[in-house]
Amino acid sequence: MKLPISWLKDFVDLKDLTVIDIADKLTMGGMEVEDIRFAGLPLPERDDHGFKVNGIAWDRDKIVVAEITAVNPHPNADRLTLCELFDGQIHHTVLTGAPNLYPFKGLGQLEKPIKVAYAKEGATLYDGHAEGLVLATLKRTKIRGVESYSMVCSEKELGISEEHEGVIFLDDDAVAGTPLVDYMGDAVLEVKINPNMARNTSILGLAREVAALTGRALKKPVYENQVKGESIEGRIKIEIGNPALNPRFTIGLIRNVEIKPSPYWVQRRLRMIGMRAISNIVDATNYTMFELGEPLHAFDYNVLAARVAGPSAPVVISTRTAQPGEKLTTLDGQERTLSDSNVLVCDSAGALSLAGIMGGAESEVSPKTTDILLEAAAWNFINIRKTANQHNLPSEASYRFSRGVHPGLCLEGLKRCLYWMAQWSGGQVAPGIIDEYPLPPKQAVIEIRASDIRRALGIEIALNEAKSLLERLEFECELVNNELRIIAPPIRMDIGEGVVGVADIMEEIARIYGYERIPETRMADPLPPQRGNPALEREERVRDILASLGMQEIITHRFTSPEIENRLLPKNAAVPPIDYVRLANPIAPEKRVLRRSLLASVLNVVERNARLSESLSLFELGSVFVPSDELLPREPRRLAFAITGKRFESAWDTRIGVKVDFYDLKGLVEGLLDALHLEVSYAPAVHPSFHPGKCAAIIANGASLGVFGELHPLVQENYDFVSPVLAADLDLEAILPLLPALGHPVRPVSEFPPVLEDIAVIVEESLPADRVEALIRQTGGKTLASVRLFDVFRSEQIGAGKKSLAYALTYQSFDGTLTDKDAAGIRTRIIRRLENELDAKLRS
Amino acid sequence: MLEKLNEIEQEALASLAVIEDEAALEAWRVANLGRSSPAMNVFSQMGTLSKEERPLVGQRANQVKVALEKAFAEKLEAVKQAALAKSLATEQLDVTLPGRPAPRGRLHPATQNLRRVLDILAEMGFQVYTARDVESDEYNFQLLNIPPHHPAREMQDTFYVESAQKEGSYSVVMRTHTSPGQIRAMREFSATNPQNPPPIRIALPGMCYRFEQITARSEVQFNQVEGLVVGESITFGDLKGTLSDFARRMFGQHARTRFRSDHFPFTEPSAEMDMECFVCGGKGCPVCKKSGWLEILGCGMVHPTVLQNGGYDPRRYSGFAFGMGPERQIMLRHKINDIRYFWGNDIRFLEQF
């Protein structure tokens with residue numbers, strides 16, 4: 001909502017307040033000022049005022065009101081004129097090219113001088129002919145042989161609007177010589193109106209807030225409609241179909257209007273607030289809507305009167321919902337097909353307008369219109385909201401109606417609009433107003449005590465002070481004993497009753513009292529029971545371990561597409577039917593479902609970074625989304641990671657080209673699971689995304705915790721990778737519950753010296769290494785402190801289909817120093833069992 | 001014989017004087033103190049001397065041996081010193097050459113800042129409560145005092161999930177804020193003791209989703225951290241005090257805050273907490289868009305309807321809630337002007353944290 005300061009002044013005295021003061025009050029009071037555009041008034045001198053500011057100030061001495069007394073032709077140019085002009089002190093001849101001065105050319109001394117905005121030499125203005133807003137200073141020059149040093153201004157040059165076709169013709173009350181800034185200097189605040197402040201989508205609404213926030217009086221409009229002619233009582237009738245959709249409908253009439261442009265000040269205000277000026281009658285409806293907040297609609301009364309059944313029959317205005325498929329041509333010329341939730345305003349001959357949103361073409365005000373039937377009505381805001389969205393018809397009226405306009409505003413809006421119409425068109429307001437009000441909203445009544453204020457805000461505000469704060473916003477208050485009885489004013493739809501009403505009132509008290517005046521305190525309430533979040537703590541631990549293993553965490557979009565996830569399958573493989581959680585309104589086809597695979601997300605990022613780094617080690621931890629039979633999907637937590645590229649980063653003297661392989665990845669898997677103190681085993685696994693010979697499952701208690709391995713070559717082909725990618729896809733829902741709750745057992749450390757020894761055995765190639773190690777450990781028992789495989793070796797000498805496994809063994813006792821004989825005994829038992837049970841041969 | 005010993009001593013000392021390195025010194029030791037050196041030969045020839053000469057020559061021979069050994073030790077020390085001095089003087093590395101890279105892992109900047117926020121809140125007594133990403137319309141909107149078709153829904157552009165429709169609109173959404181967690185938490189806690197529900201002080205972190213185009217300024221997903229306090233004596237003054245404390249912990253003890261009125265359907269009174277811009281100190285700069293203030297979080301006293309929906313009687317309990325965007329804080333702090341960096345996961349961005 002745009003708020004011109006000059007208009008605000010109609011309703012509240014702004015003496016001693018700067019534009020910045022007003023912006024500040026509104027912003028702190030919940031109506032954030034997003035920017036300020038100056039058009040005449042002086043810009044703030046300092047920068048640290050906290051607002052975005054633009055626009056132009058008008059120099060008091062150089063930009064003044066002047067009057068043109070004659071418009072003469074230019075000797076050398078048809079499209080230019082020379083104006084005789086008086087600036088209050090001196091007479092000038094001023095060169096202009098304004099098309100709206102042509103009609104006066106050569107008429108000699110004008111009977112009635114034309115009042116204009118006049119800029120003298122040295123004045124700073126916007127260049128009226130430049131694209132956008134370009135500041136320029138007026139300099140003495142010669143145009144086609146005639147000297148020029150000053151100009152008559154358009155709105156664009158003064159920063160009022162984009163208008164630059166003609167110069168401004170001021171109203172008659174402008175006095176030559178007056179600094180223009182005193183006559184109409186302005187600034188426009190762009191005010192953000194939150195949904196709970198629908199009442200403030202008007203100048204009067206914002207003025208009420210400014211008055212309340214500054215403790216000043218609100219000057220409501222004072223005027224009287226002079227009525228003339230036949231009363232409309234009995235001549236016009238209203239029939240409301242459904243009061244829930246149309247709680248109130250009021251009608252007035254004005255006769256013998258002359259359709260013509262509005263006074264200049266009206267046009268200027270409308271343009272400053274973002275509306276086009278059209279004609280006095282249409283402008284009056286718009287002006288009143290901005291002034292008071294009540295949208296209005298003007299019908300050509302004679303069109304309606306001509307359609308009634310007989311000469312003495314009244315005009316009957318009715319409201320009803322449309323027949324499904326019913327058609328209406330709105331005044332933008334479009335034929336619209338309606339649905340049965342759309343509300344129509346009709347007469348006996350048919351539909352006239354789409355209620356609260358847009359008028360119909362048939363009864364539109366035209367240049368020939370003389371009598372106006374004026375509608376001010378109230379509508380159900382949800383219904384208007386739906387209809388405006390359905391027909392994609394955002395308008396200033398639907399903007400207001402769809403946020404809620406209190407039916408109490410109808411009558412005031414109607415009268416005020418008739419007043420402006422009479423003022424600007426010379427018409428006569430007909431006696432009588434037709435007012436159907438079947439469903440007045442109940443005005444909320446709330447009772448509060450001083451303790452309510454203390455409890456909510458933490459401060460003492462006496463009830464009589466609260467009363468005066470609320471009365472500034474036109475709440476009706478009565479202090480009885482220790483209770484304040486409050487009735488919401490008939491402009492507000494946002495105040496509830498009971499506990500909700502109390503909260504609503506507390507907000508109003510705090511807002512007007514000033515949030516900044518409420519002291520900061522520390523909570524005195526007891527600390528709640530401490531529960532912690534063990535699941536999250538475990539996840540954070542996993543993140544820390546992976547980072548300590550040198551991995552980079554990534555976080556990706558949850559939105560993806562089945563095609564992107566299917567890249568996990570070998571090229572040309574059949575795609576199994578997988579059910580996804582689907583978005584109803586995706587922003588793009590590649591973001592239309594929720595991910596089911598974290599591995600797919602990680603591989604996308606590997607691909608994106610493949611050429612940016614010689615090695616990558618990335619992990620992501622988060623939810624995937626699985627459709628379920630319930631309303632909401634399951635959101636299991638998973639972990640995926642991937643490595644690729646060089647095993648060691650290059651340095652200036654080392655260029656080791658070795659690339660990571662399965663065992664680098666397994667080292668990370670083991671590093672993670674060791675750090676989590678999980679006992680697991682590994683088994684060959686088959687998974688479509690992985691190389692069949694280079695894939696393992698992690699097993700604990702017979703269940704799989706996840707798989708890892710080298711990506712299948714046909715999967716790698718789906719991506720633009722530089723090096724083979726090794727990846728792991730783990731199920732955190734299975735892993736995290738296995739973590740020891742209190743702490744893993746820690747082995748004691750022996751004080752006695754260890755005996756170190758290596759043994760190498762030759763076994764069948766097909767024998768998994770972990771079986772050899774398991775047997776060594778089992779045989780070595782407590783005395784065998786550690787077993788480490790340090791070499792795997794194959795050669796012709798050993799024989800085809802065989803491999804040599806070399807282990808470094810550490811024997812250590814807690815009871816005393818081991819002798820060589822003790823060690824030899826254990827060694828002999830180990831070798832014997834390896835030979836007997838695994839067909840191993842000791843390598844000499 | 002004594003003269004010969006004098007000669008031996010003088011010659012040996014003379015040849016020692018010119019030695020400069022350890023190898024020559026070792027050769028000198030073998031030649032002059034070795035088993036077959038002239039001085040040692042004197043000892044082996046003692047038998048050929050007369051009884052009278054023997055003690056004199058023996059004493060003298062010992063003197064020569066001790067003198068040569070001492071001279072050798074001194075020379076050895078001198079040579080070593082000289083060698084060390086030489087090596088210290090000549091072995092100069094280019095210390096500006098880069099070191100060999102040590103592998104380093106990192107957490108995503110969003111995780112880093114999320115932890116920072118949660119750590120500070122934890123010290124202030126807020127425990128972390130996590131809730132789901134896909135929510136029902138009921139929890140995301142209705143129970144938070146946002147009925148269907150309410151104008152407040154326009155404040156939050158919503159992703160809908162294909163699901164059963166109710167009155168023409170989808171009943172499942174991607175959560176637009178972490179606030180549905182407020183209802184889930186309140187209901188969970190109040191169920192433990194419906195007559196006397198326990199007080200609440202929780203932080204609700206999580207990914208939220210808004211239906212927007214992805215541009216430098218807008219993203220379809222972003223983290224939010226929300227705080228919720230419910231108790232029997234919680235006031236708006238407590239809200240201001242707690243959040244100003246938080247701002248000082250998060251941004252430094254000098255951080256100045258202001259609270260201005262705002263609107264959220266689930267709080268009343270509602271406020272926006274601004275912080276004086278830490279880049280320009282309030283004078284106005286591009287980071288604060290010339291306003292001098294940075295919007296840090298939205299907050300307010302929990303709406304009675306929301307308390308009621310959570311199982312807390314609003315006549316007895318009150319509370320406050322607040323919500324902030326951790327990624328926005330990172331952007332402000334590091335002057336990042338493209339929000340797409342966060343989920344773009346370009347390694348060149350991530351490695352800077």
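In what follows, the structure referred to is the one given above.
Residues numbered from 1 in each chain as written. Chains lettered and ligands numbered in written order. Predicted model: local features only at pLDDT ≥ 70, side-chain atom pairs only at ≥ 80, totals over all residues. Heavy atoms only, no water.

## Brief notes about a positive patch on the surface
Okay, so step 1: Residues Lys52 of chain A together with Arg217, Lys289 and Arg328 of chain B make up a contiguous surface patch of positive charge.
Okay, so step 2: When you line up the elements, Lys289 of chain B lands in the loop between β8 (267-276) and β9 (293-302). (Patch = residues over 30% accessible without salt bridge, like charges linked within 9 Å, V, L, I, M, F, W, Y side chains within 5 Å. Areas by Shrake-Rupley, 256 points an atom, 1.4 Å probe, with all protein chains shown as cover. Salt bridge = Lys/Arg side-chain N within 4 Å of Asp/Glu carboxyl O. Lys, Arg positive; Asp, Glu negative; His and termini not counted. Charge placed at Lys NZ, Arg CZ, Asp CG, Glu CD. Helix = DSSP H or I, 4+ residues; strand = E, 2+ residues; numbered from the N terminus.)

## Some words on the layout of surface pockets
Residues and elements named next belong to chain A.
Okay, so step 1: In this structure, the second largest pocket spans a volume of roughly 2000 Å³.
Okay, so step 2: Around the second largest pocket, the lining comprises 43 residues; the ones closest to its centre are Lys666, Glu670, Tyr682, Asp770 and Glu773.
Okay, so step 3: Sorting the residues of the lining of the second largest pocket by element identifies α18 (662-675), β34 (681-684), β35 (690-700), α21 (769-780), β39 (784-793) and β40 (802-811) as the ones contributing at least two each.
Okay, so step 4: Counting residues per element, the lining of the second largest pocket draws most heavily on α18, at seven residues.
Okay, so step 5: Class assignment of the residues belonging to the lining of the second largest pocket gives a composition of 22 nonpolar, six polar and 15 charged.
Okay, so step 6: For the lining of the second largest pocket, the domains that each give at least three residues are domain 5 (534-738) and domain 6 (755-842). (1 Å grid on protein atoms, 1.4 Å probe; cavity = no way out; pocket = protein on both sides within 12 Å on 5 of 7 lines; lining within 4 Å. Points joined across faces, edges and corners; volume = space filled by probe spheres on them. Nonpolar A, V, L, I, M, F, W, Y, C, P; charged D, E, K, R; others polar. Domains from an automatic or database assignment.)

## Digging into the pattern of salt bridges
Residue and element names in this part refer to chain A.
Okay, so step 1: Counting across every chain of the model gives 75 salt bridges over all chains.
Okay, so step 2: With its nearest N and O atoms 3.9 Å apart, the salt bridge here joins Lys192 to Glu32. Pair noted here: Lys192 is in the loop between β13 (186-191) and α5 (203-214) and Glu32 is in the loop between α2 (19-28) and β2 (33-40), with a separation of 160 residues, a long-range link.
Okay, so step 3: By relative accessible area, Lys192 is classed as partly exposed at 30%.
Okay, so step 4: For Glu32, a relative accessible area of 18% corresponds to the buried category. (Buried < 20%, exposed > 50% of the residue type's maximum accessible area, 1.4 Å probe, protein only.)

## Digging into the interface of chain A and chain B
Interfaces are often described in size by the accessible area the parts lose on coming together.
Okay, so step 1: At the junction of the two partners, chain A supplies 92 residues and chain B supplies 107 residues.
Okay, so step 2: At the boundary of chain A with chain B, total buried surface from both sides reaches about 8300 Å², with 56% on carbon and sulfur atoms.
Okay, so step 3: Taken together, the connections running from chain A to chain B amount to seven salt bridges.
Okay, so step 4: In this structure, the salt-bridge partner of Arg132 of chain B is Glu635 of chain A, at a minimum N-O distance of 2.8 Å.
Okay, so step 5: Seen at the junction of chain A and chain B, the total is 51 residue pairs in polar contact (both at pLDDT 80 or more).
Okay, so step 6: When contributions to the side of chain A that touches chain B are tallied by element, the ones reaching two or more residues are α2, α9 (381-390), α12 (450-457), α14 (498-513), α15 (534-548), β29 (552-553), α17 (598-609) and β32 (615-623) of chain A.
Okay, so step 7: Counting residues per element, the side of chain A that touches chain B draws most heavily on α14 of chain A, which supplies seven residues. (Contact = heavy atoms within 4.5 Å. Buried area = accessible area lost by both parts, 1.4 Å probe. Polar contact = N/O pair within 3.5 Å; in protein donor to acceptor, adjacent residues only side chain to side chain.)

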